[in-house]
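Tertiary structure, described
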Amino acid sequence: MNKRWYWIIGALALVSILLRHELLFLTSIILALVAGASALWARYCLVGVTYRRRFGSTRLYFGEETDLHVEITNAKPLPLAWLRADDVVPAATPILSHQVEDQAGESRQLVNVLALRWYERVTRRYRVRAAQRGAWTFGPAQLRSGDMFGFNIERGIVEQTDTVIVFPRMAPLTAFGLPARHPFGDFRTRRRLIEDPLRLMGVRDYVQGDNFRHVHWKATARSQTLQTKVFEPSAQQPVALFLNISTAEYYYQGVDWAISEYAITAAASLARQLWQEGRPVGLICNAHMLGSSRHIRIPPRNHPSQLVEILTALAQINEGRGRWPLENLLQVEARSLPYGTTIVAISGLLNKRLEQTLVDLQRREYGVVLVALGDAHLAAPLPNIQYHHIGGSERWHALESLELA
């Protein structure tokens, strides 16, 4: 109700007084009370009203479903005749069995209209389906309410947002033309056994060439001779996945999103298989880490949360082109990898610099595997380097049409 109505009610009261018209005066009083109650109700209608989302899980595998609980609370003695909540939800995570309103872009609105008594809490349950890889934001939400007459409407914004991570699509390795188990076999280097620095077996006398960081200072103090630690050999060699999301050499050549998504799916599927085999696995990618200016770097390790960390990083990639050439990352990151690490390069783009870098790493006693896709093909075999071509857009579209568990 705007100010014009208050002027009209005041003028009506003044005329009724001048004319000594009792019915007209009574009508003006009733209208004034209604206007006052409406203004007071609208002013406090959103006070103490909270809007909250609760998810069954905020990390979902592709195609998985989870519960979304929307909880609306009216924590005050004033009841609400009506309340409308418009919550922004991403189109990539559709709300099942509920009508949503379309918006421009990649978002929709989840609409809830209800009445709330004093100190009442209402919880509504929905099913959310993970239909697309990514980090998807729910919110903010807009609340609207007012008096029971509909004269005044108040609006409020709930700024709190929630993020749901949808992991990339994963497929059995046979869908890529790779063996179902041990896709890259066992790699042998000149040093057959890889020492595990977490498994101390004993000490021995220090000899020239030993790593000075492995000196056992307590044993040295007791024996008065320099002693070095002896570690048990590791049963599993670590694997580092190097993912190249670039699909073209130059910016003006554009981005092949199908090949980029196919590369991410291949990396996720390989990481899952290697982790299930108990091998320490890591991921290095030439895309930005979310919220950072650094590239994605997850060192190889055999931790229970390692696979979730890798899949989360892959889910958050939203660039179609790498910020750094993959050969540069290989040269820099290989220095920090454990001795004997198997390097798996996944790329839809090949050039002479990348091929030469892989050959140099093999000469430095790394096990090297090249997984190419799309139009990337080797003109000639690289010496002592495993090479697999897993197809291109056709195979990716075939994977998209599958209902994967």
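Residues numbered from 1 in each chain as written. Predicted model: local features only at pLDDT ≥ 70, side-chain atom pairs only at ≥ 80, totals over all residues. Heavy atoms only, no water.

1. Description of the environment of Q132
As for its position among the elements, Q132 is in the loop between β8 (120-129) and β9 (134-138). Classification of Q132 by relative accessible area gives partly exposed; the value is 43%. When the C-alpha atoms of Q132 and I165 are compared, they prove to be 9.8 Å apart, with 33 residues separating the residues in sequence. When sequence neighbours within four positions are dropped, the list of residues in contact with Q132 reads F62, A92 and V166. (Helix = DSSP H or I, 4+ residues; strand = E, 2+ residues; numbered from the N terminus. Buried < 20%, exposed > 50% of the residue type's maximum accessible area, 1.4 Å probe, protein only. Contact = heavy atoms within 4.5 Å.)

2. Observations regarding a nonpolar patch on the surface
A cluster of nonpolar side chains, contributed by L14, V15, L18 and L19, occupies part of the molecular surface with about 420 Å² of accessible area. Mapped onto the secondary structure, L14 falls in helix α1 (residues 3-19). (Patch = residues over 30% accessible without salt bridge, like charges linked within 9 Å, V, L, I, M, F, W, Y side chains within 5 Å. Areas by Shrake-Rupley, 256 points an atom, 1.4 Å probe, with all protein chains shown as cover. Salt bridge = Lys/Arg side-chain N within 4 Å of Asp/Glu carboxyl O.)

3. As for the sheet that holds β9
Reading across the sheet, the 3 strands line up as β2-β12-β9 and stay open at both edges, with mixed pairing between neighbours. The two strands at the open ends of the sheet, each matched to only one other strand, are β2 (59-60) and β9. In the packing of helix α5 (residues 306-315) onto the sheet, the strands contacted are β2, β9 and β12 (162-166), and the crossing angle to β12 comes to about 105°. (Pairing = 2+ DSSP bridges. Axes fitted to C-alpha atoms, helices over the stretch in contact; angles between N-to-C directions.)

4. Thoughts on the sheet that holds β8
Across the sheet, which stays open at both edges, the 4 strands sit in the order β1-β3-β8-β5 with antiparallel pairing between neighbours. For this open sheet the edge positions go to β1 (49-55) and β5 (95-96), each flanked by a neighbour on one side alone. Bridge analysis of β5 against β8 gives 2 bridges, and the strand direction is antiparallel. By the bridge assignment, L96 is partnered in β8 with R127.

5. Some details on the pairing of strand β3 (residues 65-74)
Within β3, 9 of the 10 residues are buried, leaving the element largely enclosed by the surrounding structure. Sheet analysis places β1 next to β3, joined by 7 bridges and oriented antiparallel. Each residue of the ladder has a partner; that of V49, found in β3, is N74. Where β3 meets β8, 10 bridges bridge the pair, whose relative direction is antiparallel. Across the sheet, T66 pairs through a bridge with V128, a residue of β8.

6. A word on the nonpolar core
Where a protein is soluble and globular, its nonpolar side chains tend to be buried together. In this structure, F176, L241, L243, L314, I317 and I346 are the most contacted members of the largest nonpolar core, which totals 44 residues. Looking at this core, the elements with two or more residues in it are β15 (239-244), α4 (257-276), β16 (281-288), β17 (295-301), α5, β18 (342-347), β19 (367-372) and α8 (393-400). If one sorts the elements of this core by residue count, α4 sits on top with 11 residues. Beyond its immediate stretch of four places on either side in the chain, I346 contacts F242, L243, N244, A263, A267, L270, V371 and L373. In terms of nonpolar packing, the next biggest core, distinct from the first, is built from 31 residues, L68, V70, L80 and I95 among them. (Core = buried A, V, L, I, M, F, W, Y, C linked by side-chain atoms within 4.5 Å.)

7. What about the environment of T357?
Among the structural elements, T357 can be located in helix α7 (residues 352-363). Note: C-alpha distance between T357 and L326 (31 residues apart in sequence) is 9.5 Å.

8. Structural notes on the pairing of β9
The two faces of β9 differ: G134, W136 and F138 on one face are buried, but A135 and T137 on the other face are not. In the sheet, β9 pairs with β12 via 5 bridges, with the strands oriented antiparallel. Bridge pairing links A135 to I165 in β12.

Purely spatial values, then, with no claim about function.
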